Amino acid sequence: MRLLFTILITLILSFLGMAQNGTPEDYLSKEFHKERRDALRANMPANSVAVFFANPVRNRANDVEYVYHQDPNFYYLTGYKEPHAVLVIFSEPQNTSEENSVNEKFYVQQRNAQAEQWTGRRLGTEGAKAELGFDNAYNGNEFLDSNIDFASFDKVMYADFRDDYRDTRDEADLYDLVQSFKTQIKLINNYTIENKTEAIEVDANADMEAETIKTDTRTLSRLMAGLREIKTADELVLLKKAVRISAMGQREIMKAMHPGMSETEVQGVHEYIYKKYGSEYEGYPSIVGAGNNGCVLHYIENSKMKVENDLVLMDLGAEYHGYTADVTRTIPANGKFSDAQKAIYDIVYDAQEAGIKATVIGNTMQSPDTAARAVVYQGLIDLGIAKNATEARQYFPHGTSHHIGLDVHDPGTYGQLQANMVITVEPGIYIPIGSDCDPKWHGIAVRIEDDILITENGPINLSAEAPRTSSEIEKLMTKKSVLNGLELPSLD
């Protein structure tokens, strides 16, 4: 009986995607990350090497850091969530004196019991091997004198440095790793780890050593964009979950919304739903703009104390295991669109329908925008808000589509649409107060955004669970929310 009970619990935990210690088990597998490294290697130029660095730790205030978030390319290739690390991928196996054949090297931050007591467990080299599947894992300080002969390669590829990292004074921090790499490829001179001698930039015109390093800061981003724009089956599982969580947030706020809510409270409802479903973070700063605030495309202050009878534009996305949704709905705070609000809303809805229909294999990334824009322009002209397309454009100032994935604006080649791409379709109309049109339109802002999977059988709206038509929104807003009974003591 006890054995049967144990088996049952194990099956339940497996079904829920949870390990027995309570942590999720539905992350991307080490096999996924290895396959992605192999795919990159297959596309690399002959006799080349690619070097990737983990994201820096960024300071928030005094001795408090921002929550760490890994560089998406680095995570895509490794699954590693810690800072101060380097990944080196060779296009062909390298024979070395200490190893027979190596096609990649992974340098991670060293285990440190004192540091781990404060900031949590580190994988270290053994964890990188056992949990992430790297055969050749080293402590970061070994990269400082890696003996990689970069001059022997026809191309050394890396992302251009933004220099937004700090010297933490710890050995083999990101600062040391980058400075050491710059020294190894002869971008700087005189940097030594022992006393952290100030680095001196190399004069490109100076007569340096005869040996030169052929560096390339452009090709790698193009190669990674080509890989990441097509989602694998494993990626789609996580991305679909992020999108569904985001749609659930939109549904719940439609039921909970009332004119007395603040923009911040609206944001909080969405983000609570995200956490309830296991989303670790928001994929980007949440945008909640009531009335004229919605005319600011990336309005993130969310500081209006009462949404009153305005339209409320809500552009938010849950991040689940690194993958980010991007879903926008615009709803009337009092539950009923006014005639003017509905007129603008329905134009945007029709434009989005046209854009979604254009997200088919063989079309370009511009196709949804072209289709949506034609509907918006004609609608604004018919309402007398604009005289022509040139005037109408000011009320629809952004593009319609972008890739989503590990980034909310995921990299891509932005060529033809292909199967298993996931892109947004997000037309909008924004009429700020003071616009040159009838004042009855002033302060109306509408954006509708959905995440569309491109398939051989046509587009699939992954966020369709969040109502889109004006009538569907009004209907759902009559329903009760599970949050309606939430009352907190007054702090007055």
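Sequence order sets the numbering: in each chain, residues are counted from 1 along the sequence as written. Where local features are concerned, this predicted model is filtered to residues with pLDDT of at least 70; where side-chain atom pairs are given and counted, the filter is 80 or more; whole-chain, interface and lining totals use all residues. Side-chain measures were taken over the full set of non-hydrogen atoms in the model, leaving aside hydrogen atoms and water.

Another aspect to go through is the packing of aromatic side chains. Remark: the centre distance and the inter-plane angle together describe each pair of aromatic rings, the angle taken between the planes. Pairing of aromatic rings covers Phe, Tyr and Trp, the last counted by its six-membered ring, and requires centre-to-centre distances within 6.5 Å; plane angles under 30 degrees mean stacked, over 60 mean edge-to-face, and any other angle means tilted. Scanning all chains against the criterion turns up 17 aromatic pairs. Measuring from centroid to centroid gives 5.8 Å for F32 and Y76, while their planes differ by 90°, and the two rings are edge-to-face. Placement of F32 in helix α2 (residues 30-43) and of Y76 in helix α3 (residues 72-78) is noted, with a sequence separation of 44 residues between them. Members of the aromatic cluster, each reached through a chain of ring pairs, are F53, Y107, Y138, F143, F150, Y158, F161 and F181. Both a distance and an angle decide whether a charge sits over a ring: NZ of Lys or CZ of Arg must be within 6 Å of the ring centre and within 35 degrees of the ring normal. Taking NZ or CZ as reference, K81 lies 3.6 Å from the ring centre of Y27, over its face. Between the NZ or CZ atom of R373 and the centre of the ring of F396, over which it lies, the distance is 4.0 Å. Segments assigned H or I by DSSP are reported as helices when at least four residues long, segments assigned E as strands when at least two residues long, and all are numbered from the N terminus.

Looking now at unusual backbone geometry. In the Ramachandran plot, N147 falls in the positive-phi region, its phi being about 60° despite a non-glycine side chain. Owing to a relative accessible area of 67%, N147 belongs among the exposed residues under this scheme. Not every positive phi belongs to a glycine, and A172 is a case in point at roughly 65°. Mapped onto the fold, A172 is located in the loop between β7 (155-158) and α6 (174-184). Burial status follows relative accessibility: with a 1.4 Å probe on protein chains alone, a residue under 20% of its type maximum counts as buried, one over 50% as exposed, and anything between as partly exposed.

This part takes up the pattern of salt bridges. Side chains that differ in charge, positive against negative, can pair when their charged atoms come close. Whenever Lys or Arg places a side-chain nitrogen within 4 Å of a carboxyl oxygen from Asp or Glu, that contact is recorded as a salt bridge. In total, this model carries 24 salt bridges according to the counting rule given. For the salt bridge of D369 with R373, the shortest nitrogen-to-oxygen distance reads 3.1 Å. Here the residue D369 and the residue R373 both occupy positions in helix α11 (residues 367-382), the gap between them amounting to four residues, near one helical turn. By relative accessible area, which is 7% here, D369 ends up buried. Among the ionic contacts, a cluster of salt bridges with common partners joins K34, R37, D38, R41 and E104.

Of all hydrophobic cores here, the largest spans 89 residues; its most connected members are L40, F52, F106, M257, M314 and I429. Among the elements that make up this core, the one with the highest residue count is helix α8 (residues 233-256) (nine residues). Discounting residues that sit within four places of it in the chain, F52 has contacts with L40, N73, F74, L77, A85, V86, L87, I89, L220 and M224. Among the nonpolar cores identified, the runner-up in size contains 26 residues, and V88, I148, V156 and L174 belong to it. Nonpolar cores were defined as sets of buried Ala, Val, Leu, Ile, Met, Phe, Trp, Tyr and Cys residues, with membership established by side-chain atoms within 4.5 Å. Whether two residues are in contact is decided by their heavy atoms, any of which lying within 4.5 Å being enough.

Right, let's get into the pairing of strand β12 (residues 287-290). The side-chain alternation of β12 yields two buried faces, one formed by I287 and G289 and the other by V288 and A290. Each pair of strands is called paired provided DSSP finds at least two bridges between the two strands. The pairing of β12 with strand β13 (residues 311-316) spans four bridges and is antiparallel. The partner of V288 across the bridge, within β13, is M314.

It is worth spelling out the environment of L311 at this point. Position of L311 relative to the elements: it lies in strand β13. Judged by its relative accessible area of 4%, L311 is buried. Put simply, L311 and G289 are 22 residues apart on the chain and 8.3 Å apart in space, counted from C-alpha to C-alpha. If sequence neighbours within four positions are ignored, L311 has contacts with G289, A290, G291, T330, I331, P332, F337, Q341, I444, A445 and V446.

When two helices pack together, you describe them by how their axes are tilted relative to each other and by the distance separating the axes. Running from N to C, α8 and helix α9 (residues 263-276) cross one another at 135°; their axes reach a closest spacing of 8 Å. In terms of their interaxial angle, α8 and α9 are classed as oblique. Crossing handedness for the pair α8 and α9: right-handed. Here α8 contributes I245, S246, M248, G249, Q250, E252 and I253 to the contact with α9, which in turn contributes V266, V269, H270, I273 and Y274. Each residue is assigned to one class: nonpolar for Ala, Val, Leu, Ile, Met, Phe, Trp, Tyr, Cys and Pro, charged for Asp, Glu, Lys and Arg, and polar for all the others, Gly among them. Classifying every residue of the contact of α8 with α9 by side-chain character gives seven nonpolar, four polar and one charged. All axes here are fitted lines through C-alpha atoms, helices being fitted over the stretch that makes contact, and every angle between N-to-C directions spans 0 to 180 degrees. Put simply, angles under 35 degrees are roughly parallel, angles over 145 are roughly antiparallel, angles from 65 to 115 are roughly perpendicular, and the rest are oblique. Should the near helix be turned anticlockwise from the far one by less than a right angle, the crossing is left-handed, and should it be turned clockwise, the crossing is right-handed.

Whenever strands of a sheet pair, they do so through backbone hydrogen bonds, lying parallel or antiparallel. If you trace the three strands from one edge of the open sheet to the other, you get β12-β13-β16, paired in antiparallel fashion. Two strands close off the open sheet at either side, each with one partner strand: β12 and β16 (327-332). Within this sheet the neighbouring strands show an average axis-to-axis angle of 10°, counted without direction. Pairing between β13 and β16: six bridges, direction antiparallel. Within β16, the residue paired with L311 across the bridge is P332. Contacts between α9 and the sheet are confined to β12 and β13, with β12 contributing the most and set at about 145° to the helix.

Reading across from one edge, β11-β14-β15 is the order of the three strands in this open sheet, with antiparallel pairing throughout. Edge strands, defined here as strands with exactly one partner in the open sheet, are β11 (281-282) and β15 (323-324). With two bridges connecting them, strand β14 (residues 318-320) and β15 associate as antiparallel partners. Along β15, the bridge assignment pairs E319 with T324. Each of β14 and β15 is contacted by α8, which is oriented at about 150° to β14, the strand it contacts most.

To estimate how far a helix should reach, multiply one less than its number of residues by 1.5 Å. Look at α11: 23 Å from first C-alpha to last across 16 residues, which is about the 22 Å you get at 1.5 Å a residue. For α11, the complete set of buried residues consists of S367, P368, D369, A372, R373, V376, Y377, G379 and L380. Buried-residue contacts for α11 involve α10 (339-357), α12 (389-393), β17 (422-425) and β18 (428-431).

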